[in-house]
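Listed below, chain by chain, are the residues.
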There are 2 protein chains.
Amino acid sequence: MMNIISGGVCAAKGFKANGVHCGIRKNHSKKDLALIVSDVPAAAAAVYTTNLVKGAPLTVTKNNIANGIAQAVICNSGNANTCNADGIEIAQKMCTLVEKATGIAASDVVVASTGVIGQPLDVTPIADHMDALTAGLSYDGSSEAAQAIMTTDTISKEIAVEFTVGGKTCRMGGIAKGSGMIHPNMATMLVFITTDCAISAQMLQKALSTDIRNTFNMLSIDGDTSTNDMVTVLANGLACNAQITADGEDFSVFMKALNTLTINLCRTIAGDGEGATKLLECTVTGADTLEAAKTAAKSVICSSLLKAAMFGADANWGRVLCAIGYSGADVDVTKVDVSFRSAKGEIAVCKDGAGIPFSEEKAKEILLEKEIDILISVGSGSYSACAWGCDLTYDYVKINGDYRT
Amino acid sequence: MMNIISGGVCAAKGFKANGVHCGIRKNHSKKDLALIVSDVPAAAAAVYTTNLVKGAPLTVTKNNIANGIAQAVICNSGNANTCNADGIEIAQKMCTLVEKATGIAASDVVVASTGVIGQPLDVTPIADHMDALTAGLSYDGSSEAAQAIMTTDTISKEIAVEFTVGGKTCRMGGIAKGSGMIHPNMATMLVFITTDCAISAQMLQKALSTDIRNTFNMLSIDGDTSTNDMVTVLANGLACNAQITADGEDFSVFMKALNTLTINLCRTIAGDGEGATKLLECTVTGADTLEAAKTAAKSVICSSLLKAAMFGADANWGRVLCAIGYSGADVDVTKVDVSFRSAKGEIAVCKDGAGIPFSEEKAKEILLEKEIDILISVGSGSYSACAWGCDLTYDYVKINGDYRT
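Residues numbered from 1 in each chain as written. Chains lettered and ligands numbered in written order. Predicted model: local features only at pLDDT ≥ 70, side-chain atom pairs only at ≥ 80, totals over all residues.

Another point: the overall build of chain A. Looking only at helices and strands, one finds twelve helices and 15 strands in chain A. Its C-alpha atoms give chain A a radius of gyration of 21 Å, within 12% of the compact-globule value 22 Å for 405 residues. Looking at chain A as a whole, 63% of its 405 residues are labelled buried. (Helix = DSSP H or I, 4+ residues; strand = E, 2+ residues; numbered from the N terminus. Rg over C-alpha atoms; globule rule 2.2 N^0.38 Å. Buried ≥ 20, exposed ≤ 12 C-beta atoms within 10 Å, placed from the backbone.)

What follows is the structure in structure tokens.
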């Protein structure tokens, strides 16, 4: 049993959070500094961007959780602290500030930054607001933290689930920032997940590394892999279940909970992509290999032409075929069927790689909805995959044409 | 010596061309059918898209020029004749129509189509206009043909060069259609090149296959590899030079002429990308391998975020670093320098992978120009590469949001 619940990163026992405006951003109504703390040290796991240009905070975080333990997460928005000569030093200072304000060792802090690349990050506004940030920590402060990590996001992203491991009720929750520069590769955007489930750091890392292959790594907003992508999970064990230390039923339940949460965040992030008006979910079935299914699905979701067609509610299925064709996926393009589906119904537009007659009117009605499923069958194989993306709109161009100014 | 001359595909001796409106497109003022013929059979070479979904005309053309000989090119716009059950049959009919109208064997015809994928192509309007098309063939008809192959292009694309091989004056000219769905891979868009230089079909193919690696394959408008990309060259030998049949000085001159022409077309196609307001030329120097230089340059040119920043004349160099970082190119990101250059001057914005102080005002002035060079040094290696692209604009979204309707 898996229930979606409220509470975000504070849904699990023993996690407090807060978010404040400290002044990295000029807009006073926009929070820009978040803190999440666990009452007790937690097992920690993380995955990071594969971009060779890595944000300084990732280096510091990787070092801090090398022992599999963390107790706090600090994250600012408005500045990525990347490509700065003093980046590492500043990221370490942020951890030290957490230690001073909370007593949690700097080496047990996950640090993250998101925003503009290549502008020096002044730590002063952070230092000046650590007292307020810490004083406001609360067991229902998830929303404050979720707001503080937003960049061009239009909605804050929180989700939590409740599940049972070894007879004990466990909870897991997460917050995410998405929007732009999202084309994860082995990791993604910023996502902070907390759980009170007891699990070893090793199994936690296994769960996360396995999960992202079919979740965050199948998400693309714009094809750009960020320098600061990171997903972390803290598991503090306060649910008091027998610690998960190996594969088995408990681990499967944990994986299922994690997957429920990450897929929800993927969909939320994709639907709130920069400038997006629609969430696109592309499902490829009937592939001979998992790799082929994944490659084809992701290629379709990444096609600028298809994304623009979806913005225009245009059933231009030729662009779906085209994107499958250049994806590199080993599929027989003469066996491809394509349908579009939404709350308004489903319509088949291509059979065996060629067009079939369909009502343009009905197709338009279906594609005018906010959530569009692109359903692709590539044959009679047994592998399938899903990818998430969004449409390409005027506003994406607008947002990114003058992001810095 | 290499002179740019006028005349396009009719610059070389013995080539006639024409273009008419036959009715595939609804807009009567838009030509949609082009024909190029050589007075005598010509050596022929071609490269094709690597998309698994291939337009039917490509299959027919490949078969027709397997013997290294062709004498005519027919091309329609407005319909790609791709993903249609009867595509091959229709493409063959187009060749037969050329035979009937000109006496040139159908098996010596290069056939191409560009436009919407997956809509049956009715050959009737083509058949009905073959007489007019043929009657209008002229030794200065290149512009008519260039106009007839345009899709969303805003300008027709023609270029010709004059060069000397073995003491004989030779000419080479080409027309192209570009605009959207351009991210060539082993071939590209539609480009038809003619020359009166005498060269064997084998050496002609070698010249073309070698050239495109550093020209058309380094061009991207939107990351989408078309199903109908093709570049063909016809060489009819009427310049009466001693036929080029092997490597050597003559072949080098020929390669240089071809390269002058293809780079010109790359720049024209990029600058006229769908919705584009700017031509972007990215040059990477100092790489340890050619592959690294090419991979980095192309990644920068393909970044939606950088393209949008260029549209906004925003010197957001962090996006350049980011695109190099995720490109997969083997470069030391702590040794990357970046400058922007245009007719208004040059400005350095990043040194050794980190930002340096620069005048935002001067940067804006430089980036407001129509042709922007992005200059990247990645170290002290001896390899360099160039890639061409364009900015991402509101109009790209507009054009592709309702392309079919």
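There's more to say after this.
What follows concerns the relation of the copies chain B and chain A. Each copy superposes on the other: chain B lies on chain A with an RMSD of 0.1 Å after a rotation of 180° and an axial shift of 0.0 Å. The transformation relating the two chain copies, once decomposed into turn and shift, fits a two-fold axis. Closest approach to the rotation axis within chain B is made by the C-alpha atom of B:Tyr394, at a distance of 2.5 Å. Interface overlap between copies: 100% of the residues of chain B at the interface are likewise at the interface in chain A, consistent with a symmetric, same-surface contact. (Least-squares fit on C-alpha atoms with pLDDT ≥ 70 in both. Contact = placed C-beta atoms within 7 Å.)

Facing 50 residues of chain B, the contacting portion of chain A comprises 50 residues. Of all the secondary structure elements, the ones that give two or more residues to the side of chain B that touches chain A are helix H9 (304-311), helix H10 (318-326), strand E13 (354-355) and helix H12 (394-401) of chain B. Considering every element that reaches the side of chain B that touches chain A, the biggest residue donor is H10(B), with six residues. Taken together, the residues of the side of chain B that touches chain A sort by class into 23 nonpolar, 22 polar and five charged. (Nonpolar A, V, L, I, M, F, W, Y, C, P; charged D, E, K, R; others polar.)

Residue and element names in this part refer to chain A. Its place among the elements puts Ser304 in helix H9 (residues 304-311). When the 28 C-beta atoms within 10 Å are taken as the criterion, Ser304 is described as buried. As a C-alpha pair, Ser304 and Asp222 span 82 residues in sequence and 8.3 Å in three-dimensional space.

Among the nonpolar cores identified, the biggest contains 300 residues, and A:Ile36, A:Ala296, A:Ala297, B:Ile36, B:Ala296 and B:Ala297 are the most heavily contacted of them. Discounting chain neighbours no more than four positions away, the residues touching B:Ala297 are B:Met218, B:Cys282, B:Thr283, B:Val284, B:Ala385, B:Cys386 and B:Ala387. (Core = buried A, V, L, I, M, F, W, Y, C linked by C-beta atoms within 7 Å.)

What follows concerns the packing of helix H8 (residues 290-302) of chain B against H10(B). Residue and element names in this part refer to chain B. Interaxial distance between H8 and H10 falls to 8 Å at its minimum, and their mutual angle equals 130°. When the axes of H8 and H10 are compared, the pair comes out oblique. Where H8 crosses over H10, the handedness of that crossing is right-handed. Across from Ala296, Ser299 and Val300 in H8, the residues of H10 making contact are Val320, Ala323, Ile324 and Tyr326. Here the residues of the contact of H8 with H10 sort into six nonpolar, one polar and no charged. (Axes fitted to C-alpha atoms, helices over the stretch in contact; angles between N-to-C directions. Parallel < 35°, antiparallel > 145°, perpendicular 65-115°, else oblique. Left-handed = near helix turned anticlockwise from the far one by under 90°.)

Residues and elements named next belong to chain A. One can read the domain layout of chain A as domain 1 (3-271) and domain 2 (279-401). Its C-alpha centre places domain 1 at a distance of 32 Å from the equivalent point of domain 2. Each residue belonging to the side of domain 1 that touches domain 2 can be placed in one class, and the counts come to five nonpolar, five polar and one charged. (Domains from an automatic or database assignment.)

Here we come to the packing of H9(B) against H10(B). Residue and element names in this part refer to chain B. One way to put it is that H9 packs onto H10 with a least axis distance of 9 Å and a crossing angle of 160°. Considering their axes alone, H9 and H10 lie roughly antiparallel with respect to each other. The chirality of how H9 crosses H10 is left-handed. Contact residues: H9 offers Leu305, Leu306 and Ala309, while H10 offers Arg319, Val320 and Ala323. Its residues assigned to classes, the contact of H9 with H10 comprises five nonpolar, no polar and one charged.

With mixed pairing, the six strands of this open sheet are ordered in space as E13-E12-E11-E14-E10-E15 (chain B). Because the sheet does not close on itself, it has two edges, and the strands there are E13 and strand E15 (383-390) of chain B. (Pairing = 2+ DSSP bridges.)

This paragraph deals with the sheet that holds strand E15 (residues 383-390) of chain A. All names here are of chain A. In space, the six strands of this open sheet follow the order E13-E12-E11-E14-E10-E15, with mixed pairing throughout. Each edge of the open sheet is held by one strand with a lone partner, namely strand E13 (354-355) and E15. With five bridges connecting them, strand E11 (residues 337-342) and strand E14 (residues 371-377) associate as antiparallel partners. Along E14, the bridge assignment pairs Phe340 with Ile374.

Moving on, we get to helix H10 (residues 318-326) of chain A. Of all nine residues making up H10(A), nine are buried, and the element is well covered by its neighbours. A:Gly318, A:Arg319, A:Val320, A:Leu321, A:Cys322, A:Ala323, A:Ile324, A:Gly325 and A:Tyr326 are the residues of H10(A) that are buried. On the buried face of H10(A), the contacting elements are helix H8 (290-302), H9, E11, strand E12 (345-351) and E14 of chain A together with strand E5 (109-116) of chain B.

Mapped onto the elements of the fold, B:Lys256 is located in helix H7 (residues 249-271). For the pair B:Lys256 and B:Ile324, spaced 68 residues apart in the sequence, the C-alpha separation amounts to 30 Å.

Attention shifts here to unusual backbone geometry. For A:Cys240, which is not glycine, the phi torsion reads 65° and is therefore positive. Its location among the elements puts A:Cys240 in the loop between strand E9 (230-235) and helix H7 (249-271).

Attention shifts here to the confidence of the model for chain A. In this model, chain A carries an average pLDDT of 89, and 96% of its residues clear a pLDDT of 70 or more. For this predicted complex, the interface confidence score (ipTM) comes to 0.73, while the overall pTM stands at 0.76. (pLDDT = per-residue confidence, 0-100.)

This next bit is on the pairing of E11(A). Residues and elements named next belong to chain A. Alignment of E11 against E12, held across five bridges, turns out to be antiparallel. Residue pairing across strands places Arg341 opposite Glu346, the latter belonging to E12. Counted along the chain from E11 to the antiparallel partner E12, the turn is two residues long.

Another aspect to go through is H8(B). Residue and element names in this part refer to chain B. Taking 1.5 Å per residue, 13 residues should reach 18 Å; H8 reaches 18 Å between its end C-alpha atoms and fits that length. In terms of burial, H8 is a largely internal element, eleven of the 13 residues being buried. Three or more residues of H8 are buried, namely Ala292, Ala293, Lys294, Thr295, Ala296, Ala297, Lys298, Ser299, Val300, Ile301 and Cys302. Buried residues in H8 make contact with strand E10 (279-287), H9, H10, strand E14 (371-377) and E15. (Expected span 1.5 Å × (residues − 1).)

Let's shift gears to the pairing of strand E4 (residues 69-79) of chain B. The side chains of a regular strand alternate between both faces of the sheet. Residues and elements named next belong to chain B. Burial analysis of E4 places ten of its eleven residues in the buried class, the great majority of the element. Bridge count for strand E3 (residues 33-48) against E4 is seven bridges, and the pairing is antiparallel. What sits directly across from Leu35, in E4, is Ile74. Running through helix H2 (residues 87-102), the crossover from E4 to the neighbouring parallel element E5 is right-handed. (Right-handed = clockwise from strand over helix to strand, strands pointing away.)

This part takes up the environment of B:Asn81. Residues and elements named next belong to chain B. Mapped onto the elements, Asn81 comes out in the loop between E4 and H2. Taking the C-alpha atoms as reference points, Asn81 and Ser113, separated by 32 residues in sequence, lie 6.2 Å from one another. Beyond its immediate sequence surroundings of up to four residues, Asn81 is in contact with Gly55, Ala56, Pro57, Gly87, Ile90, Ala91, Ser113 and Leu121.

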